[in-house]
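Summary of the model geometry
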Amino acid sequence: MDNKDELSGKEVLFSDADKNGEPTEDTLSSCENASACKNKDKFKFSRPKRKDKPVLTPQQKKERFLRRAILSLKLFLCYLKIGLFTFGGGYAMIALLEREYVQKRKWISDAEFYEILAISESTPGPIAINSATFIGFKLIGVWGAFVAVVAVCIPSFSIILLISYFYDAFMAFIPVQYAFEGIKVGIAILITSAGVNMMKKAQKGAFEYFVFVPAFLLVTCFDIFNIDFSSVYLILIGICVGILYKLILDAINKRKSVVAVGLDTNASESESEKEEK
Amino acid sequence: MSIYLEIFLAFLKIGTVSFGGGYGMIPIIRDEMLSRGWITDDVLWNYIAIAESTPGPIAINLATFVGNDLAGFWGSLLATTAVVIPAFVIILIIAAIFKNFASNKYVKAAMKGVTPIIWGLIISTGLLLVVKCFYAEYNDFDAAGEFNFHALVIFAVVGGIALGYRLIRKKKIPPIALILISAAAGMIYYIPL
């Protein structure tokens, strides 16, 4: 009897150990580590799960609809204001956006705002449109993004449309023509200084100059000799060169770390980051 | 191909590759418009001046202007929509799906390659416009244009004011102020008193 009990007890213990034992836990944790290591440089997917959505009563649905309608109206008016009062392009808009959304209304946090700026700078399109889409989406979803973008476009669109109807009559005035002779010079100065300022502010290494100088010379030559080569291709080439450079740098670093067996992988990674900078 | 489709596709292309904000877009718009023969450099120049001195993103202003020039109201609506669509779609995808887009190493690498090209485009365009103030036909060697002395004087005055403002106030002169000053300089210089 005792023996049997002991045996059965052991059996129970064993089966328990099999179920919740160390081996399974170990594999799990190692898996987690591996996936974390792998995903370090990959995109993180952050899609909210549909299953967690609570079921709403009609009353709640109505309330939510109203809340969203009011919020989208506020968003619309706010972006209309921003579109109407920002002169001189996207960067002038950033200060206004921060004051309006981060400090006054507290719709988004400081960290989110800087994330939005970083994303706007690394995606194509006007910064105003990028940030409007992002903030609108964060607040009310796709509909919010649409509302914000339409609102930010309306002032400049209607103002320019109005001006373009009077453009020919306006340009027929002799004094205006003289004024525009002067403005030509002003615009030329403005564009050049904008480019030089962008370059001054950025961090520059050998790689940047190595790309900048040929690009500058090529664009200048194309224009002087009337060669039809779209700048679009130059930008695509720029993207390819950037990624290629990164891949080559990574390959070189990998070889180095293989040769230096004793080195910690983390150390070599931080080294490569330093070299990049 | 209908003109509307052509406008839409052209501005879709411009919206897709224009990194670096409004100034980054000017060289690309100029390139696309000149190569299609849609507008001349002089008209574009005026448009940029007006776009800079009215509110709103420069890209939207320019798209509206050129679209209206080519095909009236619907042209301008199409051009504006087309220039917005790529940015809108790309940001929506990023905001909905990717959490750490801007810190991804390949995105960073691509931006590292694009940024110097944008500098090159903007600075080259700016300098060519400066040269074009002095020599209208700088890229037509048979008709070597006369040197425009008036432009040089205006250049010196406006450039001097911009530089002086920068030295005294320690910040950049607002674009609209620069445009107003250069307009005044142009009017004063050309109108015989």
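Let me begin by describing the structure that accompanies this report.

Rules and cut-offs
- Residues numbered from 1 in each chain as written.
- Chains lettered and ligands numbered in written order.
- Predicted model: local features only at pLDDT ≥ 70, side-chain atom pairs only at ≥ 80, totals over all residues.
- Heavy atoms only, no water.
- Helix = DSSP H or I, 4+ residues; strand = E, 2+ residues; numbered from the N terminus.
- Buried < 20%, exposed > 50% of the residue type's maximum accessible area, 1.4 Å probe, protein only.
- Contact = heavy atoms within 4.5 Å.
- Areas by Shrake-Rupley, 256 points an atom, 1.4 Å probe, with all protein chains shown as cover.
- Buried area = accessible area lost by both parts, 1.4 Å probe.
- Salt bridge = Lys/Arg side-chain N within 4 Å of Asp/Glu carboxyl O.
- Polar contact = N/O pair within 3.5 Å; in protein donor to acceptor, adjacent residues only side chain to side chain.
- Nonpolar A, V, L, I, M, F, W, Y, C, P; charged D, E, K, R; others polar.
- Patch = residues over 30% accessible without salt bridge, like charges linked within 9 Å, V, L, I, M, F, W, Y side chains within 5 Å.
- Core = buried A, V, L, I, M, F, W, Y, C linked by side-chain atoms within 4.5 Å.
- Expected span 1.5 Å × (residues − 1).
- Phe/Tyr/Trp six-rings, centres within 6.5 Å; stacked < 30°, edge-to-face > 60°.
- Lys NZ or Arg CZ within 6 Å of the ring centre and 35° of its normal.

**Concerning the overall build of chain B**
- The helix and strand inventory of chain B stands at 7 helices and 0 strands.
- Scanning chain B from its N terminus toward the C terminus, one meets helices and strands in the order α-α-α-α-α-α-α.
- Relative to its full complement of 193 residues, chain B shows a buried share of 53%.
- Long-range contacts, defined here as pairs at least 24 residues apart, represent 51% of the contacts in chain B between residues at least 6 apart.
- Carbon and sulfur atoms provide 69% of the accessible area of chain B, an area that totals close to 8000 Å².

**A closer look at the interface of chain B and chain A**
- Each side of the interface is counted separately: chain B has 102 residues, and chain A has 99 residues.
- Here chain B packs against chain A, burying approximately 9400 Å² in sum over the two surfaces, 76% of which is carbon and sulfur.
- Where chain B packs against chain A, one counts 4 salt bridges.
- Of the charged contacts in the structure, one is a salt bridge between Lys 105 of chain B and Asp 250 of chain A, with a shortest N-O distance of 3.2 Å.
- Across the contact surface, chain B and chain A share 12 residue pairs in polar contact (both at pLDDT 80 or more).
- Secondary-structure elements contributing two or more residues to the side of chain B that touches chain A are helix 1 (3-17), helix 2 (21-36), helix 3 (41-52), helix 4 (58-96), helix 5 (105-134), helix 6 (149-169) and helix 7 (175-190) of chain B.
- For the side of chain B that touches chain A, the leading source of residues is helix 5 of chain B, giving 24 residues.
- A class-by-class count of the residues in the side of chain B that touches chain A yields 66 nonpolar, 25 polar and 11 charged.

**Quick notes on a nonpolar patch on the surface**
- Taken together, the side chains of Leu 162, Tyr 165 and Phe 166 of chain A together with Ile 3, Tyr 4, Phe 73, Trp 74 and Leu 77 of chain B make up a nonpolar region of the molecular surface, amounting to roughly 830 Å² of accessible area.
- Broken down by secondary-structure element, the contributors of at least two residues to the nonpolar patch are helix 7 (142-171) of chain A together with helix 1 and helix 4 of chain B.
- Its location among the elements puts Leu 162 of chain A in helix 7.

**Structural notes on the nonpolar core**
- One finds Tyr 79, Tyr 101, Ile 187 and Ile 235 of chain A together with Phe 11 and Leu 62 of chain B to be the most contacted residues of the largest nonpolar core, which totals 110 residues.
- Of all the elements, helix 4 of chain B adds the most residues to this core, at 18 residues.
- Residues contacting Ile 187 of chain A, with those up to four places away along its chain left out, are Trp 45, Ile 48, Ala 49, Glu 52 and Ile 179 of chain B.

**Notes on helix 10 (residues 231-259) of chain A**
- Compared with an ideal rise of 1.5 Å per residue, which puts 29 residues at 42 Å, helix 10 of chain A spans 42 Å between its outermost C-alpha atoms and is within 8% of the ideal.
- Of the residues making up helix 10 of chain A, those classed as buried are Ser 231, Val 232, Leu 234, Ile 235, Gly 238, Gly 242, Lys 246, Leu 249 and Asn 253 of chain A.

**So, the packing of aromatic side chains**
- Under the counting rule described, the total for this entry stands at 15 aromatic pairs over all chains.
- Aromatic side chains Tyr 167 of chain A and Tyr 47 of chain B sit 5.3 Å apart centroid to centroid with 65° between the ring planes, which places their arrangement in the edge-to-face category. Of this pair, Tyr 167 of chain A sits in helix 7 while Tyr 47 of chain B sits in helix 3, which puts the two residues in different chains. A single burial state applies to Tyr 167 of chain A and to Tyr 47 of chain B, both of which are buried.
- One aromatic cluster in this structure is built from Tyr 79, Tyr 101 and Trp 107 of chain A.
- Cation over ring: Arg 105 of chain A sits above Trp 107 of chain A, and NZ or CZ is 5.3 Å from the ring centre.
- Positioned above the aromatic ring of Trp 38 of chain B, the side-chain terminus of Arg 36 of chain B is 5.4 Å from the ring centre.

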